[in-house]
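Here is what each chain is made of, one letter per residue.
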Amino acid sequence: MRAFKIFTAAALAVSLVFLTGCWDYQEVEDMYIVGGIAIDKGTQGHQYRVTAEVLDLSSGGSEKQSPIKGKVLESEGETVSEAIAALSHRANKTLYYGDCKMVIFSRDIAADGLSGVLDWMNRDPQPRFTIQAYVSQEQTAGEILLKGSPNGQPITLLISKAMEKAASYSGKSQAVELYQLDNFLWGEGQSATLPDIRFHRYEDGVEPELYGTAVFQGDRYIGELDDQESFYFLFITDNNSGGIFLTGEKPDDKDISLKIRKSSTNVEPVISGNNIRMKIKIRMETSYDEECSRKNLLKNKGIKTIEQYAEKSLVKRAGQTVDTVQKKYGSDIFGFGRKIYEKDPDLWKKIKPEWNRHFRDLKCDISAEVVITDTGFAFPKGYE
Amino acid sequence: MASQDNFKGAKLPCEKLDANVRYIHSVFSDDDTLVTRFLSSPFDSALKFCLIYANGMVNNKLLNDDVIRPLLQYRFPEEHDGLTRLIAQNVMFSDDVKQTDDMEAIVQGIVYGDTVLLADGCADSLVLNTKGWNTRSIEEPESERVLRGPREGFNESMLVNLSMIRRRIRTPDLKFRFLTFGRKTRTKACLCYLDSVVNKHVLEELKKRLATIDIDGTLDTEYIMELIRDKPYSPVETIGSTERPDVVAGRLLEGRVALVLDGTPQVMTVPFLLIEDFQSDEDYCLNYYFASLGRILRILAFLISTGLPAIYVALATFHQDILPAPLLISISQARDGVPFPTILEILFMLVVFEMLRETGARMPGIMGQTLSIVGALVIGQAAVTAKIVSAPIIIIVGIAGITGLMVPRLKSFTILVRFTMLALASVLGLYGFLYGRVALLILLYGMDSFGVPLMGNSTEKLKNTKDIYIRAPWWMMITRPKELTKNRIRQNRGSKKK
């Protein structure tokens, strides 16, 4: 009986190890942490070329911890997965994608359609759903990683750090993570957009910067929005979280800068029979940040007037952006279709096949409410 | 004859003084500390006496003043019925006089500091209490120091220890029952309990187990604890032990039984709940908020100390995806150039830590400086610089070591669990860690101490756990722990100020 008990316990313990245990023992220094990958068309007869930046953590034998350096690896394959495998082979270390921050697509890869390229990232357990996706505005995506780093620091870490703050600093770029991209591609009624990345050129080199937005139709890249258009695009999709808004409308030949503190946009389809209009309400709380004038516009015109200037120009420019997208691309990147789907799924089912055509002719009523919450200046006596 | 331990049933051989003395001498042959003093009364030289005692065990002044002086000054009457009886009743100043012819009592008396008085013509003797030897003074126990609260600690004398307990609980309800252990050592021991509070089943069980002990010597309560514990092979203690009389008093009041053993300051108490190891003596002398915080920290420290190295190994070698990227990077950087796998690194440092701890406990205090320099500089700093171990390992081992010392009474168990967890985690990753924790819980919840579950009522609702995870204010602890006693009312009502 006793022997039986011991045998049972031992058998259970052994099966614990073999049936449920995990065997992926892996020392951290035996692997490269991949910071980001770039996917291009293959050049040597292969379909894809994958460039990966890995973090080189070796200190070269010195006692002090040296700053982290980036190291770029390249390989090609018929599929992304094959190219990735070849990459590991080349690196002589396991490549670890758990902390991979970004994937950069070249324009020609994006133009061919993203679905095929994304499959590996969605399927493999290591890359996370929060990987940020970008489109390179340069010749290839790989060169961003190859040439981008200003002083040997890993470029992927710099870009992802810049991206974290970009939305609130300038309001012109918004990170799109893998799961969001998946939602665009396979969800209802909104075309995909990805932030663009390009080189800012100096006299003696280049540095990557976030500039503009890539527009997709289905999973194919069809064009770009520039910096300003991206700004208003983010406004309309309620993704703005900061930046500077210039009132325009020239109250006195000079622009007034308003710092955006909070903004929210409400998009609502107004459906009457076959006629659909989009009602877009933008509300923005700002602080009066700068006026380039000697005339003390704030005092002379009053807050109300300046708010009205701002509202007028916000409506105008947002309208222009919608117009451009409608005329030039005809791709519903604002997610108007999704709003209709949310409000009236039956109607959406009917118009979905024709949506691209509908979108081109869709009428938008844009209204804006701008509030200046503080003026940020203590007037000295006699200030006129 | 000389090697005999047991004199049960043996008597003094006859009425002749010389023969009796010779007999006792033969029992104590080759024992030069035995002093034999022949006397005869100055008033009647026919009255011959003999005093036998072990030198060093008796108080010589007591012997001279209270035994020899009255004996020589007493004018013995012509008529009396039994010389020894007369002496016991009329002559001796000694506080405790036993009249006996039992060799067992005589021999035990001599070896325990009593003086045996033989009289010519009597077949019995008087055993006189002249005990007197030096004991350590009452000090604060090193291992159970407190900042606030009583500072008395037990010493090696059982009677002194008993007096410390009695002084704290002054009621005839407090019972003291003497026992003797050890065929050779004849160590005295005393069972203490509060008759109205104690759990009778526990008391009977304890007496039953104590009766089975058959060993030549019991020099510390640990001998007895190991002989009577519930699960002999278990690494967890199932019997409590302390050096502080206030702790013993507190435990008696909750219905436990204490065993005080002569020759050691360690007093054992049963039944034992695991949480006693986390209850500092100071908890009851401090503000309850602070005491509760301390107790929670101690429980946390046990979990950290047993789990941290295992979790580190699991995360660093199996589940890197759980680590935040900056931490992963810094671990990876630190590991760069270290020749050993993580598990070896951490084992190496843990063993070194245990060695340092053991050295610190054993070495003369005067060499302490050396240890701290070697420990901190050579092993900590230099090992990292020389890339023998990585810096995070030092932090992990340091934290595990320090938190392990926060619960000193569980020290050995903590170390054992820590290494087991580590072994499991290094083979199975976090799964192993979880299996280890589950096994630990099964082990602990499956254990009893004298019929009381080791984990006590730790799984009950909060109302019944006022002294487990926290130390509730005294006015809340109206009842005694229910698994320890049937007589549960401690206070008739919580006498909190309204």
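All values derive from a computational prediction rather than experimental measurement.

Draft legend 1. Representation of the overall build of chain B in the model. For chain B, the count of helices and strands is 15 helices and 12 strands. Here the C-alpha atoms of chain B give a radius of gyration of 30 Å, more than 25% beyond the 23 Å that 2.2 N^0.38 yields for 498 residues. Along the first, second and third principal axes, the C-alpha set of chain B runs to 105 × 60 × 35 Å. Looking at chain B residue by residue over its 498 residues, the buried ones come to 48%. Within chain B, contacts between residues separated by at least 24 positions form 64% of all contacts whose residues are at least 6 apart in sequence. Surface summary for chain B: the accessible area is close to 24200 Å², and the carbon and sulfur share equals 59%.

Draft legend 2. Structural view of helix H14 (residues 411-428) of chain B. Residues and elements named next belong to chain B. Spanning 18 residues, H14 covers 26 Å between terminal C-alpha atoms, matching the ideal 26 Å at 1.5 Å per step. Looking only at H14, the buried set comprises Phe413, Thr414, Ile415, Val417, Arg418, Met421, Leu422, Ala425, Ser426 and Leu428. Among the residues trailing H14, Gly429 stands out with phi positive, at a value near 70°.

Draft legend 3. Structural detail: the confidence of the model for chain B. Residues and elements named next belong to chain B. Averaged over every residue, the pLDDT of chain B is 88; the share at 70 or more is 99%. Looking across chain B, the model is least confident in helix H12 (residues 368-385), with a mean pLDDT of 79, and most confident in strand E9 (residues 257-261), with 95. Confidence metrics for the complex model read pTM 0.82 and ipTM 0.78.

Draft legend 4. Seen up close, the packing of helix H9 (residues 288-317) of chain B against helix H11 (residues 342-362) of chain B. Residues and elements named next belong to chain B. Between H9 and H11, the least distance of the axes is 10 Å, while the angle of their chain directions is 160°. Taken together, the axes of H9 and H11 lie roughly antiparallel to each other. Our pair here, H9 against H11, has a crossing hand that is right-handed. Along the contact surface, H9 presents Pro309, Tyr312, Val313 and Thr317, while H11 presents Thr342, Ile346 and Leu350. A breakdown of the residues in the contact of H9 with H11 according to their chemical character gives 5 nonpolar, 2 polar and no charged.

Draft legend 5. Molecular detail of H9 of chain B. All names here are of chain B. A rise of 1.5 Å per residue sets the reference length of H9, with its 30 residues, at 44 Å; its end C-alpha atoms lie 42 Å apart and thus fit the reference within 8%. The principal kink in H9, of about 45°, is found at Gly307, preceding the proline Pro309 by one to four residues. With a side-chain oxygen lying 2.7 Å from the backbone nitrogen of Tyr289, the N-terminal cap of H9 falls on Asn287.

Draft legend 6. The side chain of Gln132 of chain A, seen in detail. Looking at the element boundaries, Gln132 of chain A is found in strand E6 (residues 132-136). Beyond its immediate chain neighbours, meaning those up to four positions away, Gln132 of chain A contacts Lys101, Met102, Val103, Ser160, Met163, Ala175, Val176 and Glu177 of chain A.

Draft legend 7. Molecular detail of unusual backbone geometry. Residues and elements named next belong to chain B. Val270 connects to Pro271 through a cis peptide bond whose omega is -10°. Checked against the element boundaries, Pro271 lands in the loop between strand E10 (267-270) and H9. At Lys387, a residue that is not glycine, the phi angle is positive and equals roughly 60°. By the secondary structure assignment, Lys387 is in the loop between H12 and helix H13 (391-405).

Draft legend 8. Examining the sheet that holds strand E3 (residues 97-100) of chain B more closely. Residue and element names in this part refer to chain B. If you walk across this open sheet you meet the 5 strands as E1-E2-E4-E5-E3, and the pairing is antiparallel. With partners counted over all chains shown, the strands left at the sheet margins are strand E1 (34-41) and E3, one partner each. On average, each strand axis in the sheet is tilted by 25° relative to the strand beside it, whichever way the strands run. Sheet analysis places strand E4 (residues 115-119) next to strand E5 (residues 125-128), joined by 4 bridges and oriented antiparallel. Bridging from a neighbouring strand, Thr115 pairs with Leu128 of E5. Packing of helix H4 (residues 103-111) onto the sheet brings it into contact with E1, strand E2 (44-54), E3, E4 and E5, and relative to E5 it is tilted by some 35°.

Draft legend 9. Just the sheet that holds strand E10 (residues 244-246) of chain A, in detail. Residues and elements named next belong to chain A. The 4 strands lie next to each other as E10-E11-E12-E13, forming an open sheet whose pairing is mixed. Either end of the sheet is taken by a strand with one partner, and the two such strands are E10 and strand E13 (363-374). Taken over all neighbouring pairs, the strand axes of this sheet differ in orientation by 35° on average, direction set aside. Here 3 bridges tie E10 to strand E11 (residues 256-272), and the two strands are oriented antiparallel to one another. Directly across from Leu246, in E11, lies its bridge partner Ser257. Against the sheet, helix H8 (residues 227-236) contacts E10, E11 and strand E12 (275-291), and its axis sits at roughly 55° relative to E11. Sheet strands touched by helix H11 (residues 336-343): E11, E12 and E13. Its angle to E11, the strand with the most contacts, is close to 50°.

Draft legend 10. Up close: the pairing of strand E6 (residues 174-181) of chain B. All names here are of chain B. Bridging between E6 and strand E7 (residues 187-194) involves 8 bridges; their strand directions are antiparallel. Across the sheet, Phe176 pairs through a bridge with Cys192, a residue of E7. Counted along the chain from E6 to the antiparallel partner E7, the turn is 5 residues long, and its residue Gly182 has a positive phi close to 95°.

Draft legend 11. Just the pattern of salt bridges, in detail. Residue and element names in this part refer to chain A. Overall, the coordinates contain 51 salt bridges over all chains when judged by the stated rule. The salt bridge partner of Glu307 is Lys304, with a shortest N-O separation of 3.3 Å. Of the two residues, Glu307 and Lys304 both sit in helix H10 (residues 303-329), 3 residues apart, roughly one turn of that helix. Owing to a relative accessible area of 57%, Lys304 belongs among the exposed residues under this scheme. For Arg357, the salt bridge goes to Glu354, with nearest N and O atoms at 2.9 Å. The class of Arg357 is partly exposed, set by a relative accessible area of 47%.

How each quantity is defined
- Residues numbered from 1 in each chain as written.
- Chains lettered and ligands numbered in written order.
- Predicted model: local features only at pLDDT ≥ 70, side-chain atom pairs only at ≥ 80, totals over all residues.
- Heavy atoms only, no water.
- Helix = DSSP H or I, 4+ residues; strand = E, 2+ residues; numbered from the N terminus.
- Rg over C-alpha atoms; globule rule 2.2 N^0.38 Å.
- Buried < 20%, exposed > 50% of the residue type's maximum accessible area, 1.4 Å probe, protein only.
- Contact = heavy atoms within 4.5 Å.
- Areas by Shrake-Rupley, 256 points an atom, 1.4 Å probe, with all protein chains shown as cover.
- Expected span 1.5 Å × (residues − 1).
- pLDDT = per-residue confidence, 0-100.
- Axes fitted to C-alpha atoms, helices over the stretch in contact; angles between N-to-C directions.
- Parallel < 35°, antiparallel > 145°, perpendicular 65-115°, else oblique.
- Left-handed = near helix turned anticlockwise from the far one by under 90°.
- Nonpolar A, V, L, I, M, F, W, Y, C, P; charged D, E, K, R; others polar.
- Bend = angle between axes of the 7 residues up to and from the residue.
- Polar contact = N/O pair within 3.5 Å; in protein donor to acceptor, adjacent residues only side chain to side chain.
- Pairing = 2+ DSSP bridges.
- Salt bridge = Lys/Arg side-chain N within 4 Å of Asp/Glu carboxyl O.

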